[in-house]
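Structural description and commentary
Next come the chains, spelled out residue by residue.
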Amino acid sequence: MSSLHGSPGNDHLQLDPGVFYVCQRCTACCRWPGDVRLEEEEIPRIATFLELTEAEFIARFTRLRTSRRGLSLIERENHECIMLEGDACRIHPVKPEQCAGFPNRWNFPGWRDICHAIPVKVVRGSAAGTP
Ligand code: SF4
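The text that follows walks through the structure, step by step, so that each part is easy to find. (Residues numbered from 1 in each chain as written. Predicted model: local features only at pLDDT ≥ 70, side-chain atom pairs only at ≥ 80, totals over all residues.)

1. Side note on the sheet that holds strand β4 (residues 71-73)
Taken together, three strands build an open sheet; the order of strands is β2-β4-β3 and the sheet is antiparallel. The strands lining the two open edges of the sheet, one partner per strand, are β2 (37-38) and β3 (62-64). Two strands pair when backbone bridges link them, and β2 and β4 are joined in this way by two bridges, in the antiparallel orientation. Of the residues in β4, the one forming a bridge with leucine 38 is leucine 71. (Pairing = 2+ DSSP bridges. Helix = DSSP H or I, 4+ residues; strand = E, 2+ residues; numbered from the N terminus.)

Rendered as C-alpha cells:
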C-alpha cells in the first residue's frame, strides 16, 4: 500500500495518485460527526501549543474514542469539533493527522458531497499544496 493511501479510518481506500485535493478551508470535515482521533505523540504537541499541561489538555478537550481505544477530541452537541472557532481551527498548526490527511490520505463515503476541496492534477516531482 502506498503512503498516499490509507487512513485513520479507512485503510483500504485507494485514491487516484494523479489527483491532489486542495483544501478550501470550508470546515466541513470539522463539522462531521464522529471521532477526531488523537495519536499519543500528538498530545504533547497540541498541549504545548495551547500552553496547557498534557493532563489539562486531556481533561478539557478529549474523550474516549467510540471504540474506547485511545482518545478523540470532543465534539460539540451540533457535532462540530471543540477546536473549531468560527471558521478557523484553534490548533491548525498542530492539528491531528486525521485532520491534516483529509481528504487525500483518507476519506469516507459521501465525502465529496460535503467537502469543497478542489482537485488538481499532480505534476511529477512537485509538492502539491496541503491543507
Ligand atoms: S482539530 Fe481542527 S481541523 Fe481537526 S476537526 Fe477539529 S477544528 Fe477541524
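We are not done yet, so read on.
2. Observations concerning the environment of valine 120
You can see valine 120 is positioned in strand β7 (residues 118-121). As a C-alpha pair, valine 120 and glycine 18 span 102 residues in sequence and 8.4 Å in three-dimensional space.

3. Points about unusual backbone geometry
Put simply, phenylalanine 102 and proline 103 share a cis peptide bond, and its omega is 0°. For proline 103, the position within the fold is in the loop between α3 (97-100) and α4 (111-114). A positive phi angle, close to 65°, is found at threonine 27, a residue other than glycine. As for its position among the elements, threonine 27 is in the loop between β1 (19-22) and β2. Backbone geometry places glutamate 51, a non-glycine residue, at a positive phi of 60°. Position of glutamate 51 relative to the elements: it lies in the loop between α1 (42-49) and α2 (54-61). Accessibility expressed as a C-beta count within 10 Å gives 8 for glutamate 51, which makes it exposed. (Buried ≥ 20, exposed ≤ 12 C-beta atoms within 10 Å, placed from the backbone.)

4. Some points on the site of the ligand
The ligand sits among Cys30, Val36, Leu73, Cys81, Met83, Leu84, Cys89, Ile91, Lys95, Pro96 and Cys99. By residue class, the composition of the shell around the ligand is ten nonpolar, no polar and one charged. (Near = placed C-beta within 6 Å. Nonpolar A, V, L, I, M, F, W, Y, C, P; charged D, E, K, R; others polar.)

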